[in-house]
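What follows is the residue order along each chain.
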Amino acid sequence: MSVTIEASDNPAGVFSFLTASLVLSENGPTTGELEVRRIGNLAGVVAISWEALYTDGEEHAVPVDAFLLNSRGTITFGDNSATSDVNIVLELISNAVSHNCTAQVEQMKY
Amino acid sequence: MTPGVGFGVPVQAVVTVQPRIVSTFNLAFDNLTIVASTAQQVSLLIQRTDGLQTTAVVIYNTTQPRQPVAIGSLTFEPAQPQIHFTQIQTTVTFNPGDVSHLIEIPIISVPDSPAAFFVQISAVGQ
């Protein structure tokens, strides 16, 4: 009889947002941070890219990067680290927001 | 998706973005001196900052000072409404994108000595 250990489906870990929502307002606060946590297997250096998109998935006359200073980026998790080198920082461009809207920040494998 | 990395719950964070709804208004000059013998009106610029994407209404009016007005080393007697300057109260609307509006106050007659009146502005219902 032999015992076989299957390889993990997620050898580089599982990533999720620590908080699920954030409110930015030209009345304040105009900046906010989203923290991503890594759980499970922490081995290895992993870079995760992220992007802010409208929640409805539709095309809009005003793109997200017209009112968000940084609408995409990359965060890196070091070897054996559950937290990234930096959090995702979102900042409103002054006087660029014309109406209430919602965007979602998605993680994508880099 | 490249094997090796999994995404837990939540994989998306929702960001709600809200515009500034309050505009700030000011007159381009704190004090403005004109020579009434040659000027028939005073032109003043109302400037707006913040909330430029919204529609905002500003009330402006002229008033007579209750006492002489000192500006630097000079003193000005109160100008007389409807004699020296037009007493008015009216509004100007700032549409989305408007950063300034020019208003004009008619001058009626020349005072015997240097005189002053006030122009006040206030935002409506922000």
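One can find the structure itself at the top, above this paragraph.
Residues numbered from 1 in each chain as written. Chains lettered and ligands numbered in written order. Predicted model: local features only at pLDDT ≥ 70, side-chain atom pairs only at ≥ 80, totals over all residues. Heavy atoms only, no water.

## With respect to the pattern of salt bridges
Side-chain pairs of opposite charge can arise where the charged atoms are in close proximity. Residue and element names in this part refer to chain A. Tallied over the entire structure, the rule returns two salt bridges over all chains. Where Arg-37 meets Glu-35, a salt bridge forms, and the shortest distance between an N and an O atom there is 2.8 Å. We classify Arg-37 as partly exposed; its relative accessible area is 32%. On the basis of relative accessibility, which here comes to 23%, the residue Glu-35 falls in the partly exposed class. In this structure, Glu-51 and Arg-72 form a salt bridge, with 3.2 Å as the shortest nitrogen-oxygen distance. Of the two residues, Glu-51 is situated in strand E5 (residues 46-54) and Arg-72 in strand E6 (residues 72-77); the sequence distance between them amounts to 21 residues. (Salt bridge = Lys/Arg side-chain N within 4 Å of Asp/Glu carboxyl O. Buried < 20%, exposed > 50% of the residue type's maximum accessible area, 1.4 Å probe, protein only. Helix = DSSP H or I, 4+ residues; strand = E, 2+ residues; numbered from the N terminus.)

## What to know about the environment of Thr-90 of chain B
Within the fold, Thr-90 of chain B resides in strand E8 (residues 89-94). Setting aside anything within four residues of it in sequence, one finds Thr-90 of chain B in contact with Val-58, Ile-59 and Tyr-60 of chain B. (Contact = heavy atoms within 4.5 Å.)

## With respect to the environment of Gly-32 of chain A
All names here are of chain A. Along the chain, the position of Gly-32 falls in strand E3 (residues 31-34). For the pair Gly-32 and Asn-87, spaced 55 residues apart in sequence, the C-alpha separation works out to 9.6 Å. The residues touching Gly-32, leaving out its near neighbours within four places in the chain, are Leu-22, Leu-24, Ile-88, Val-89 and Leu-90.

## A short note on the sheet that holds E8 of chain B
Residues and elements named next belong to chain B. Overall, antiparallel pairing links the three strands, which are arranged E8-E5-E11 in an open sheet. Among the strands making up the open sheet, the edge pair consists of E8 and strand E11 (118-124). Along the sheet, successive strands turn relative to each other by an average axial angle of 25°, direction set aside. The pairing of strand E5 (residues 56-63) with E11 spans seven bridges and is classified as antiparallel. In the sheet register, Tyr-60 faces E11, and the bridge partner there is Ile-121. (Pairing = 2+ DSSP bridges. Axes fitted to C-alpha atoms, helices over the stretch in contact; angles between N-to-C directions.)

## So, the nonpolar core
Leu-34, Leu-68, Ile-88, Leu-90 and Val-105 of chain A together with Val-15 of chain B are the most contacted members of the largest nonpolar core, which totals 24 residues. Contributions of two or more residues to this core are made by strand E1 (14-17), strand E2 (21-25), E5, E6 and strand E7 (88-91) of chain A together with strand E2 (12-18) of chain B. The element that contributes the greatest number of residues to this core is E5 of chain A, accounting for five residues. Contacts of Val-105 of chain A, omitting those with residues within four sequence positions, involve Phe-17, Leu-34, Trp-50, Glu-51, Ala-52, Ile-88 and Leu-90 of chain A together with Val-11, Gln-12, Ala-13 and Val-15 of chain B. The next biggest cluster of nonpolar side chains, apart from the first, holds 13 residues, and it includes Leu-44, Ala-56, Phe-94 and Val-119 of chain B. (Core = buried A, V, L, I, M, F, W, Y, C linked by side-chain atoms within 4.5 Å.)

## Considering the environment of Val-92 of chain B
Residues and elements named next belong to chain B. Within the secondary structure layout, Val-92 lies in strand E8. Taking the relative accessible area as the measure of exposure, Val-92 reaches 13% and is therefore buried. Sequence separation of Val-92 and Ala-123 is 31 residues, and the distance between their C-alpha atoms is 9.8 Å. What Val-92 contacts, discounting residues up to four positions off in sequence, is Ile-46, Ala-56, Val-57, Val-58, Tyr-60 and His-101.

## Things to note about the sheet that holds strand E4 (residues 36-39) of chain A
Pairing within the open sheet is mixed, and its three strands lie in the order E4(A)-E1(A)-E1(B). Each having just a single partner strand, E4 of chain A together with strand E1 (6-7) of chain B make up the two edges of the open sheet.

## Notes on the layout of surface pockets
All names here are of chain B. There is about 680 Å³ of room inside the largest pocket. Together, 29 residues line the largest pocket, and Leu-32, Thr-33, Ala-115, Ala-116 and Phe-117 are the ones closest to its centre. If you list the elements that add at least two residues to the lining of the largest pocket, you get strand E4 (41-49), strand E6 (69-71), strand E10 (115-116) and E11. Taken as a whole, the second largest pocket encloses approximately 160 Å³ of empty space. Of the residues contributing to the lining of the second largest pocket, the split by class is five nonpolar, three polar and five charged. (1 Å grid on protein atoms, 1.4 Å probe; cavity = no way out; pocket = protein on both sides within 12 Å on 5 of 7 lines; lining within 4 Å. Points joined across faces, edges and corners; volume = space filled by probe spheres on them. Nonpolar A, V, L, I, M, F, W, Y, C, P; charged D, E, K, R; others polar.)

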